[in-house]
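# Working through the structure, step by step
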Amino acid sequence: MSTTTQPAAMRSPFARFGWALADSWAIALRDLHHWVLQPGTVFLGWLFPVMIVLMFGGLFGGAISVPGGGGYFEFLMPGMFATAMLFGLETTMLAVTTDAAKGVTDRFRSLPINSAAVVLGRCIADMLNSVVGLTILVVAGLLLGWRWRGGLIEALAAIGLLLLLRFALLWIGIFCGMIAKRPESVAAVQILVWPVSFLSNVFVDPTTMPGWLGALAQWNPLSATAAAARQLFGNPGWGGEGWIGQHAPLMAIVWPALLVVIFLPLSVRAFRTLAR
Amino acid sequence: MKATEFAIVAQGVRKHYARGTADAGLNGFDLEVRSGSVCGLLGPNGAGKTTAIRILSTLLALDAGQAHVAGYDVATQGRRVRERIGLVGQYAAVDEILTGRQNLVLFGRLHHLAAASARKRADELLERFALNEAGRRPVSTYSGGMRRRLDLAATLIVPPAVLFVDEPTTGLDPAARQEVWSALRELVGAGTTVLLTTQYLEEADQLADHIAMLKAGRVIAEGTPDALKAAMGGNWLDIVLSNRTDAETTKGIAARVASGELHIDNSAHRVSVPVAAHTSALIEVASALHEAGIAPVDITLRRPTLDEVFLHLTADSPTPAEVFV
Ligand SMILES: Nc1ncnc2c1ncn2[C@@H]1O[C@H](COP(=O)(O)OP(=O)(O)OP(=O)(O)O)[C@@H](O)[C@H]1O
Ligand SMILES: [Mg+2]
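These numbers were taken from a predicted model, which means no experiment stands behind them. (Residues numbered from 1 in each chain as written. Chains lettered and ligands numbered in written order. Predicted model: local features only at pLDDT ≥ 70, side-chain atom pairs only at ≥ 80, totals over all residues. Heavy atoms only, no water.)

## Examining the overall build of chain B
Across its full length, chain B carries 11 helices and 15 strands. For chain B, the spread of C-alpha atoms along the three principal axes comes to 75 × 45 × 40 Å. Burial analysis of chain B (325 residues in total) assigns 52% to the buried set. Contacts spanning at least 24 positions in sequence make up 68% of the contacts within chain B whose residues lie at least 6 apart. (Helix = DSSP H or I, 4+ residues; strand = E, 2+ residues; numbered from the N terminus. Buried < 20%, exposed > 50% of the residue type's maximum accessible area, 1.4 Å probe, protein only. Contact = heavy atoms within 4.5 Å.)

Spelled out as structure tokens, the structure:
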């Protein structure tokens, strides 16, 4: 057939890199088509954090007094932004296991494309999904009275830290999705997400928890990002105790970096062991 | 190994699954498939058919031995192999949420066709596989046969030099099976080398020039369909009687034309006899039964089942019989 292009192996490294990006985008585009064809699923994913905000705002809004005045939403929203990033873990894992179970991953692997493109495509699609979800949650927060008090640069830095957390969690999702044999295993992660978000400073002050639980909550990566986002948005928080509480922005970079360093190689290895 | 007489060559390939039983996987798998021919890999569940296909299509690494596809080593030149192959897995591997057309365009883009040519190629293939109307619907609404055809179409976006097809028609109804067969035949006409696996002798017979029988990860018999069938005692003649009293006489008559051991099924009043000379055996048995005053309920000439072939190949000698014709 005349449309066949030159075999990829003969191209220059630059051209190959270009094709790897184009392939990643083609694979990511598949997810955007999914959004259009099954809008219900993706909208529910985006609206779920909004629901949680309304629920917790309604339940605890009156009961919890936030230091430095301000409403509960002022305190809750940055934490909920971080939690929404955590919920993204399920999206990633579900997509990865479904593709593996349906044989779509194998089909991609049988094509003459760089195998990194398969993973990178997942990355791009899920980051886009989270950007949209985060935007919706920000708008919902603004409607409920949440405001950022700092400058625009700080606000953008906070968004950056939130997406960094999402990026780190992506690799946990890909890794768990690879080692889970069936899409049903995602249910386990769906359950585990809850204790992780409750054992943090997202909803309540960790210093009000029993000693060791409080420490765990303070060291939770989610708490670091939530606290850093509060600082950067200029929203009230509990300042936190000890070193960890004082260095939230630093930890909001260190934690995700650490997760990437651990789970990116693990994901790559899991992808390679598909061939064993 | 360039300018290849053989599109697929496997020599002593071994694959052991860490979590499998001792004889799972491949145990010294040898195969040669001539360029432009169709080879049927025939074997029961667990024989290692999928393992062989996954190794040859570079999805799975082999433990020992060597395999070349289109002249390239599957272990060290995977990328070059992947540029020349198409793989249709045992289960349709298409995106269920996307429409048929979107699937084809996606795979076209991944074969580095320009957007416009990917769309054009998708439409051509939908037309060719009689999917043009279904092309705009999500794949989740397709029947099994339609999915299989889409799966095949996705593999042909850029026609591969070597095509691997794992159990193309398992679970399909007869009409869908015919559709897939004719699609495969068309391909073969285009000069593609095809390695297809199947559990049905009938299917291998319909499509393949050459059959390799796989058992416990090894090829135990090989040859053209006719040669293999002849070596296995050709077809079977089934004689169904109305009662048991005629059985002894019938056995005596059947033994005269038998090319192997008779099988007697007492409860069904059936005498099965392997025959080499098909039609003459049928005539001889029918007239002898008539002369003996026996009126059978049914006499049929049929292909041996895979079970019978395997029994035949493994029963004759203490070590598995190897037939290479
Ligand atoms: N990932 C695996 N881990 C352990 N054992 C495996 C694995 N994959 C296959 N096996 C075993 O290896 C043997 C050969 O499997 P294979 O899938 O190649 O058979 P097959 O001929 O394709 O069978 P079927 O007709 O059922 O598709 C079987 O006994 C199977 O249980
Ligand atoms: Mg199989």
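## What to know about the overall build of chain A
If you tally the helices and strands in chain A, you get 11 helices and 0 strands. Reading chain A from its N end, one meets helices and strands in the order α-α-α-α-α-α-α-α-α-α-α. Compactness check: chain A gives a C-alpha radius of gyration of 20 Å against a globular reference of 19 Å for 276 residues, within 12% of the reference. Principal axes of the C-alpha set define a box for chain A whose edges measure 70 × 35 × 35 Å. For chain A, buried positions account for 49% of its 276 residues. Residue pairs at least 24 apart in sequence account for 82% of intrachain contacts in chain A once pairs closer than 6 positions are excluded. Only carbon and sulfur atoms are counted for the fraction: they give 73% of the accessible area of chain A, which is about 12,700 Å². If you average the places of the 16 positive and of the 11 negative side-chain charges in chain A, the two averages end up 11 Å apart. (Rg over C-alpha atoms; globule rule 2.2 N^0.38 Å. Areas by Shrake-Rupley, 256 points an atom, 1.4 Å probe, with all protein chains shown as cover. Lys, Arg positive; Asp, Glu negative; His and termini not counted. Charge placed at Lys NZ, Arg CZ, Asp CG, Glu CD.)

## Overview of empty space enclosed by the protein
Residue and element names in this part refer to chain B. One pass over the full model with this rule turns up 1 cavity of 30 Å³ or more. Roughly 60 Å³ of volume is contained in the largest cavity. If you go around the largest cavity, the residues you meet are Leu-241, Asn-243, Arg-244, Ala-247, Ile-264, Asp-265, Asn-266, His-269, Arg-270 and Val-271. Put simply, the parts of the chain that give the lining of the largest cavity at least two residues each are strand S12 (263–265) and strand S13 (270–275). Split into classes, the residues belonging to the lining of the largest cavity amount to 4 nonpolar, 3 polar and 3 charged. (1 Å grid on protein atoms, 1.4 Å probe; cavity = no way out; pocket = protein on both sides within 12 Å on 5 of 7 lines; lining within 4 Å. Points joined across faces, edges and corners; volume = space filled by probe spheres on them. Nonpolar A, V, L, I, M, F, W, Y, C, P; charged D, E, K, R; others polar.)

## Here we look at the coordination of the magnesium ion (ligand 2)
Ideal geometry at a metal gives 109.5 degrees between four tetrahedral donors and either 90 or 180 degrees between six octahedral ones. All names here are of chain B. Within the first shell, the magnesium ion (ligand 2) binds the protein through Thr-50 (OG1) and Gln-90 (OE1), at distances of 1.8 to 2.1 Å. Here Thr-50, found in helix H1 (residues 49–56), pairs with Gln-90, found in the loop between strand S6 (85–88) and helix H3 (100–110); they are 40 residues apart in sequence, far enough to count as distant. On the basis of relative accessible area, Gln-90 is assigned to the partly exposed category, the value being 25%. (Donors = N, O, S within 2.8 Å, 3.2 Å for Na, K, Ca; no water.)

## Re the pairing of strand S1 (residues 6–15) of chain B
Within a regular beta strand, the side chains point alternately toward one face of the sheet and then the other, so they alternate between its two faces. Here S1 of chain B pairs with strand S2 (residues 26–34) of chain B via 7 bridges, running antiparallel. The residue of S2 of chain B that forms the bridge with Val-13 of chain B is Phe-29 of chain B. (Pairing = 2+ DSSP bridges.)

## Considerations on the packing of helix H2 (residues 39–60) of chain A against helix H3 (residues 72–102) of chain A
Helix packing for two helices is described by the angle between their axes and how far apart those axes are. Residues and elements named next belong to chain A. In the contact formed by H2 and H3, the axes pass within 10 Å of each other and the chain directions differ by 145°. Judged by the sense of rotation from one axis to the other, the crossing of H2 with H3 is right-handed. The segment H2 lies against H3, with Phe-48, Pro-49, Ile-52, Val-53, Phe-56, Gly-57 and Phe-60 engaging Tyr-72, Phe-73, Leu-76, Met-77, Met-80, Ala-84 and Phe-87. (Axes fitted to C-alpha atoms, helices over the stretch in contact; angles between N-to-C directions. Left-handed = near helix turned anticlockwise from the far one by under 90°.)

## Looking at the packing of H3 of chain A against helix H7 (residues 186–198) of chain A
All names here are of chain A. Put simply, H3 and H7 touch, their axes get as near as 10 Å, and they point 170° apart. One way to sum up the angle between H3 and H7 is to call them roughly antiparallel. The residues of H7 that touch H3, namely those facing Thr-83, Leu-86, Phe-87, Leu-89, Glu-90, Met-93, Leu-94 and Thr-97, are Val-186, Val-189, Gln-190, Val-193, Trp-194, Val-196 and Ser-197. A per-class count over the contact of H3 with H7 returns 10 nonpolar, 4 polar and 1 charged. (Parallel < 35°, antiparallel > 145°, perpendicular 65-115°, else oblique.)

## A word on the sheet that holds strand S4 (residues 64–69) of chain B
Taking strand neighbours across the sheet as the criterion, the 4 strands line up as S2-S1-S4-S5 (chain B) in an open arrangement whose pairing is antiparallel. Looking at which strands have only one partner, the edges of the open sheet turn out to be S2 and strand S5 (72–73) of chain B.

## A word on the site of ligand 1
Residues and elements named next belong to chain B. Of all residues adjacent to ligand 1, which total 16 residues, the nearest are Gly-46, Lys-49, Thr-50, Thr-51 and Glu-167. Here an oxygen atom of ligand 1 sits 2.8 Å away from a polar atom, N or O, in the side chain of Glu-167. Here an oxygen atom of ligand 1 and a side-chain polar atom of Gln-199 are 3.3 Å apart. Coverage of ligand 1 by the protein amounts to 66% of the 640 Å² it exposes when considered alone. (Near = heavy atom within 4 Å. Polar contact = N/O pair within 3.5 Å; in protein donor to acceptor, adjacent residues only side chain to side chain.)

## Digging into the nonpolar core
Ranked by size, the top nonpolar core spans 117 residues in total, and within it Phe-81 and Phe-108 of chain A together with Leu-104, Leu-110 and Met-213 of chain B carry the most contacts. Not counting chain neighbours up to four residues away, the residues in contact with Phe-81 of chain A comprise Leu-134, Leu-137, Val-138, Trp-146, Leu-162 and Phe-233 of chain A. (Core = buried A, V, L, I, M, F, W, Y, C linked by side-chain atoms within 4.5 Å.)

## As for the packing of aromatic side chains
Residues and elements named next belong to chain A. Applying the stated criterion to the full structure yields 17 aromatic pairs over all chains. Relative to Phe-87, the ring of Phe-48 lies with its centre 5.4 Å away and its plane at 55°, an arrangement referred to as tilted. Pair noted here: Phe-48 is in helix H2 and Phe-87 is in helix H3, with a separation of 39 residues, a long-range link. By relative accessible area, which is 32% here, Phe-48 ends up partly exposed. (Phe/Tyr/Trp six-rings, centres within 6.5 Å; stacked < 30°, edge-to-face > 60°.)

## Remarks on the sheet that holds S13 of chain B
Residues and elements named next belong to chain B. The 4 strands lie next to each other as S12-S13-S11-S14, forming an open sheet whose pairing is antiparallel. Sheet topology places S12 and strand S14 (298–302) at the edges, where each strand pairs with a single neighbour. The average angle at which neighbouring strand axes cross in this sheet is 15°, direction not considered. Together, strand S11 (235–240), S12 and S13 form the strand contacts of helix H9 (residues 247–257), whose direction differs from that of S13 by roughly 10°. Strands in contact with helix H10 (residues 278–291) are S11, S13 and S14; relative to S11, the strand with the most contacts, it is inclined by about 20°.

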